[in-house]
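Per-entry structural report
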Amino acid sequence: TLHWGYDEHNGPSHWKEVFPVANGDRQSPIDIKTTEAKYDPSLRPISPNYDPTSAKVILNNGHSTSVEFDDAENKSVLIGGPLAGTYRLRQIHFHWGSSDDAGSEHAVDGMKYAAEEPGEMECKELIVTSHGETKVSSTSCGAQEVLHVVHWNADRYSSFVEAARQPDGLAVMAVFLKIGECNPQLKKITDRLDAIRAKGKRALFTNFDPSCLLPRSLDYWTYFGSLTVPPLLESVVWIVLREPISVCSEQLAKFRSLLCTGEGEAACYLLRNYRPPQPLKGREINPVVW
Ligand SMILES: CC[C@H](CNC(=O)c1ccc(S(N)(=O)=O)cc1)c1ccc2[nH]ccc2c1
Ligand SMILES: [Zn+2]
């Protein structure tokens, strides 16, 4: 049977052969067309509240690297925004592309990339704030990578795997990473990758608060979608932050040095692990700006 991955023979275009929901009505990621997003005054700020002692381990699962958190109680949670209730932090992970100019999963207005050199992009936009003023702000166009912060609805369900099967079970916050200055907070993660190069490897990773990877502004777009990797379950409330954080080329290169094969197997590098944007199928996207 197909073991899914990101190569020509087992990549995103093949996933529907094993996971028919790949052609479902609320698949992710999507291309966020900012002019079509509909402002919803009932949406509030999101409020991440993480305890650094929840961090447990960093691992390479063969299709990404993730930091796993202790989700046995409400120690690190996300509330507010579009969420009804308390969503518990489960893990964070990354997606990247094989070159510096591709790799983010969600796109914003087609995310026109720079030419080869992802230099400074003119990515300014006029936004109308909730109190009616207009201001210029930098956007995430030209993002090359993304961080996903994964939470599950602990008010209504008793485990992550159960929540992952429910339409309001998961909440994932997406943060764009844009090529620029090296990111000292991200260094804590990229410096550990050489200890988990092979698939299946894991290493202790404690005393880490993922808020240190969030941008200054928590302005976001939100919509109903799915996991972006198999089993592609349609159980995610997506919260896509507008402001990117920075990552430098050398840090991005460390992600690409991870292996999608286990120790002792012929090495294959995890050069890319992003799914392209999927059809919106009539879904509404709500921007939330302060
Ligand atoms: C239910 C699926 C889950 C494995 N997958 C994930 O946790 C996951 C989480 C977030 C995203 S993304 N890119 O959309 O943010 C993609 C996948 C999963 C699957 C089977 C399992 N058996 C025991 C635990 C367990 C967990
Ligand atoms: Zn992801």
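Residues numbered from 1 in each chain as written. Chains lettered and ligands numbered in written order. Predicted model: local features only at pLDDT ≥ 70, side-chain atom pairs only at ≥ 80, totals over all residues. Heavy atoms only, no water.

Digging into the overall build of the protein chain
Helices and strands together make up the secondary structure of the protein chain, namely 3 helices and 16 strands. Contacts in the protein chain between residues at least 24 apart in sequence constitute 73% of all its contacts with a sequence separation of at least 6. Accessible surface for the protein chain amounts to roughly 12900 Å². Of this, 53% is attributable to carbon and sulfur atoms. (Helix = DSSP H or I, 4+ residues; strand = E, 2+ residues; numbered from the N terminus. Contact = heavy atoms within 4.5 Å. Areas by Shrake-Rupley, 256 points an atom, 1.4 Å probe, with all protein chains shown as cover.)

Some words on the site of ligand 1
Lining the immediate environment of ligand 1, one finds 15 residues, of which H93, H95, V161, L227 and T228 sit closest. In the model, a nitrogen atom of ligand 1 is placed 3.2 Å from a nitrogen or oxygen of the H95 side chain. Note that a nitrogen atom of ligand 1 is positioned 2.8 Å from one of the side-chain N or O atoms of T228. For ligand 1, whose accessible area on its own is 580 Å², the fraction buried by protein is 69%. The greatest single-element share of the shell around ligand 1, amounting to 3 residues, is contributed by strand β6 (residues 87–96). (Near = heavy atom within 4 Å. Polar contact = N/O pair within 3.5 Å; in protein donor to acceptor, adjacent residues only side chain to side chain.)

What to know about the state of the cysteines
The final tally for this structure, using the stated rule, is 2 disulfides. The disulfide bridge from C182 ends at C248, spanning 2.0 Å between sulfur atoms. Its torsion about the S-S bond being 95°, the disulfide of C182 and C248 is classed as right-handed. One end of the pair, C182, is in the loop between β11 (170–179) and α2 (184–190); the other, C248, is in the loop between β15 (245–247) and α3 (249–256), and 66 residues separate them in sequence. For C182, a relative accessible area of 47% translates into the label partly exposed. The disulfide that involves C260 links it to C268, with 2.1 Å between the sulfurs. With the S-S bond torsion at -95°, the cross-link from C260 to C268 turns out left-handed. The class of C268 is partly exposed, set by a relative accessible area of 25%. Counting only cysteine sulfurs, C248 is the nearest neighbor of C212, a cysteine outside any disulfide, at a range of 15 Å. The class of C212 is partly exposed, set by a relative accessible area of 28%. (Disulfide = S-S within 2.5 Å. Buried < 20%, exposed > 50% of the residue type's maximum accessible area, 1.4 Å probe, protein only.)

Re the packing of aromatic side chains
Within this structure, the stated rule accounts for 6 aromatic pairs. Summarising the aromatic geometry, the rings of W4 and Y6 are spaced 6.0 Å apart at their centres and angled 75° between planes, so their arrangement reads as edge-to-face. Residues W4 and Y6 agree in their burial class; the two are buried. Arranged with centres 4.9 Å apart and planes meeting at 45°, the rings of F94 and F255 form a pair that is tilted. With F94 in strand β6 and F255 in helix α3, the pair connects residues that are 161 residues apart, well separated along the chain. The exposure class assigned to F94 is buried, which follows from its relative accessible area of 1%. The rings of W4, Y6 and W15 are connected pair by pair, giving a single aromatic cluster. (Phe/Tyr/Trp six-rings, centres within 6.5 Å; stacked < 30°, edge-to-face > 60°.)

Focus: the environment of F176
When you line up the elements, F176 lands in strand β11. A sequence separation of 76 residues divides F176 from D100, and the C-alpha atoms of the two residues are 13 Å apart.

Overview of the coordination of the zinc ion (ligand 2)
The coordination sphere of the zinc ion (ligand 2), as far as protein atoms go, consists of H93 (NE2), H95 (NE2) and H148 (ND1), spread over 2.0 to 2.1 Å. Coordination at the zinc ion (ligand 2) comes from 4 donor atoms whose angles at the metal span 101 to 116°, giving a geometry best classed as tetrahedral. (Donors = N, O, S within 2.8 Å, 3.2 Å for Na, K, Ca; no water. Tetrahedral: all angles 85-135°; square planar, octahedral: opposite > 155°, others 65-115°.)

Regarding the nonpolar core
Of all hydrophobic cores here, the largest spans 41 residues; its most connected members are I92, F94, I189 and L213. Ignoring any residue separated from it by four or fewer positions in sequence, one finds L213 in contact with I92, F94, L147, V175, Q185, L186, I189, F208 and I245. With 25 residues, the next largest nonpolar core counts A37, A107, A174 and I285 among its residues. (Core = buried A, V, L, I, M, F, W, Y, C linked by side-chain atoms within 4.5 Å.)

As for α3
Of all the positions in α3, only Q251, L252, F255 and R256 are classed as buried. Seen along its axis, α3 keeps its buried residues to an arc of 150°; they face one direction. (Arc of directions from axis to C-beta.)

Observations regarding the pattern of salt bridges
Opposite charge on two side chains permits pairing when their charged atoms draw close. Counting across every chain of the model gives 9 salt bridges. Among the salt bridges present, the one from K281 reaches D25, with a minimum N-O distance of 4.0 Å. Here the residue K281 occupies a position in the loop between α3 and β16 (286–288), and D25 occupies one in the segment before β1 (31–32), the gap between them amounting to 256 residues. Of the charged contacts in the structure, one is a salt bridge between R156 and D168, with a shortest N-O distance of 2.5 Å. Here the residue R156 occupies a position in the loop between β10 (143–153) and α1 (160–163), and D168 occupies one in the loop between α1 and β11, the gap between them amounting to 12 residues. (Salt bridge = Lys/Arg side-chain N within 4 Å of Asp/Glu carboxyl O.)

Observations concerning the side chain of R256
Residue placement: R256 occurs in helix α3. In this structure R256 comes out as buried when scored by relative accessible area, which is 12%. Those residues within four positions of R256 in sequence are excluded, and the remaining contacts are W96, G97, S98, S99, D100, Y269, L270 and L271.

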